[in-house]
Amino acid sequence: MKTLKHFSSLLFTIAFSIVLSGCAHLQSRDIVYQNSPISSLMAGVYDGETSYRTVRAHGNFGLGTFNGLDGEMVGLEGEFFQVTVDGKVHPVNDSMKTPFVVVTFFEPDLTFRISSVSTMKELEQYLDAQLPSRNILYAIRINGIFEYIKARSIPRQHTPYPPLAEAVQQQAIFEFHAIEGTLVGFRSPAYAAGINVPGYHFHFISKDRKNGGHLLDCSMQDGTAAVDSAHNLYLTLPGHGDFYRAGLAETQSGELDAIEKSGSLNKER
């Protein structure tokens with residue numbers, strides 16, 4: 001019953017928020033804002049009308065991308081950064097736009113230490129053991145010195161846009177060793193497939209704000225995790241032709257998992 005209650009609440013919030021985006025209840029900080037379903041990005045809808053000025057109004061923490069799929073976005077402590085295909089970090093201008101972004105006002109409900117995880121899979125298992133439920137949304141920040149980080153970024157795409165499974169084949173992969181930084185991410189329930197990435201989705205940024213990318217793998221000996229539980233999702237839908245014509249129902253969750261976690265499609269840089 002508790003799972004059904006969370007599921008019903010999530011769907012109600014999505015539907016109600018789309019229709020009544022100006023309502024006062026959307027001012028709650030216990031909410032995750034998302035400007036498009038992940039299935040849209042997978043289908044090759046890479047141009048959006050949402051500016052980062054708008055994004056800032058909905059959160060100070062999160063991840064996403066840019067029009068043309070031009071790199072990875074990391075939002076941390078109210079600052080937004082673009083990780084380009086060379087793995088370098090650049091500040092985001094408010095006028096830049098995004099086809100997919102997920103942000104929240106980060107206010108942790110739970111903090112704990114993390115020690116001795118040698119892979120991303122181990123990290124995910126460790127996090128799962130600490131979370132009170134797998135049926136709600138979580139924003140997660142992990143600070144620490146990482147023995148190893150494997151990350152990627154995708155170069156800007158050009159029209160006609162290929163689907164994400166093809167675009168990711170052009171990814172550049174970066175490996176960092178003994179680097180201090182932060183993982184910025186979310187954990188979405190399995191039933192969110194098509195709306196967001198089921199399970200964990202992290203982007204990395206170094207403490208000196210010079211390097212980063214979409215996380216593919218990691219290891220660390222000691223770190224601190226902060227978790228912000230969210231019971232509301234505010235999803236807005238694009239209002240242009242590319243989204244209207246996209247075959248979103250054709251998206252497969254297995255394909256998405258391969259896209260999110262594949263690090264073998266290109267040579268490291």
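Residues numbered from 1 in each chain as written. Predicted model: local features only at pLDDT ≥ 70, side-chain atom pairs only at ≥ 80, totals over all residues. Heavy atoms only, no water.

**Observations concerning the pairing of strand S4 (residues 72-76)**
The element S4 is extensively covered by neighbouring structure, given that 5 of its 5 residues are classed as buried. Burial along S4 is two-sided: Glu72, Val74 and Leu76 and Met73 and Gly75, pointing in opposite directions, are all buried. Pairing of strand S3 (residues 61-65) with S4 involves 4 bridges; the strand directions are antiparallel. Paired with glycine 62 across the two strands is glycine 75, which belongs to S4. As paired strands, S4 and strand S5 (residues 79-83) are joined by 5 bridges and run antiparallel to one another. Note on S5: the bridge partner recorded for glycine 75 is phenylalanine 80. The loop that links S4 with its antiparallel partner S5 comprises 2 residues; one of these, glutamate 77, has a positive phi angle of about 55°. (Buried < 20%, exposed > 50% of the residue type's maximum accessible area, 1.4 Å probe, protein only. Helix = DSSP H or I, 4+ residues; strand = E, 2+ residues; numbered from the N terminus. Pairing = 2+ DSSP bridges.)

**A short note on the confidence of the model for the protein**
Should pLDDT be low for a region, the predicted coordinates there are not to be read in detail. For the protein, mean pLDDT is 89; residues scoring 70 or higher make up 85% of the total. For residues 1-25, every residue scores under 50 in pLDDT, and the model assigns this stretch 27 contacts once sequence neighbours within four places are set aside. (pLDDT = per-residue confidence, 0-100. Contact = heavy atoms within 4.5 Å.)

**Remarks on helix H4 (residues 120-130)**
Taken as a whole, H4 has its buried residues at Met120, Leu123, Glu124, Leu127 and Asp128. Each buried residue of H4 sits inside an arc of 135° when the element is viewed along its axis, so together they form one side. Residues Lys121 and Ala129 are exposed on H4 and point more than 90 degrees away from its buried face. (Arc of directions from axis to C-beta.)

**Things to note about the nonpolar core**
Counting 32 residues, the largest nonpolar core has Val32, Leu41, Tyr46, Phe61, Leu69, Leu164 and Phe186 as the members making the most contacts within it. Top contributing element to this core by residue count: helix H2 (residues 38-42), with 3 residues. Those residues within four positions of leucine 69 in sequence are excluded, and the remaining contacts are Leu41, Tyr46, Ile154, Pro155, Arg156, Gln157, Leu164 and Ala167. (Core = buried A, V, L, I, M, F, W, Y, C linked by side-chain atoms within 4.5 Å.)

**Here's the deal with the pattern of salt bridges**
Applying the stated criterion across every chain, the model contains 9 salt bridges. We note a salt bridge from arginine 187 to aspartate 128, for which the minimum N-O separation is 3.0 Å. On the criterion of sequence distance, the pair formed by arginine 187 in strand S11 (residues 172-188) and aspartate 128 in helix H4 is long-range, its members being 59 residues apart. As far as the burial class goes, arginine 187 and aspartate 128 line up, both buried. With a shortest N-O distance of 3.1 Å, aspartate 242 and arginine 245 are connected by a salt bridge. Note that aspartate 242 and arginine 245 are positioned in helix H6 (residues 241-245) at a spacing of 3 residues, about one turn of the helix. (Salt bridge = Lys/Arg side-chain N within 4 Å of Asp/Glu carboxyl O.)

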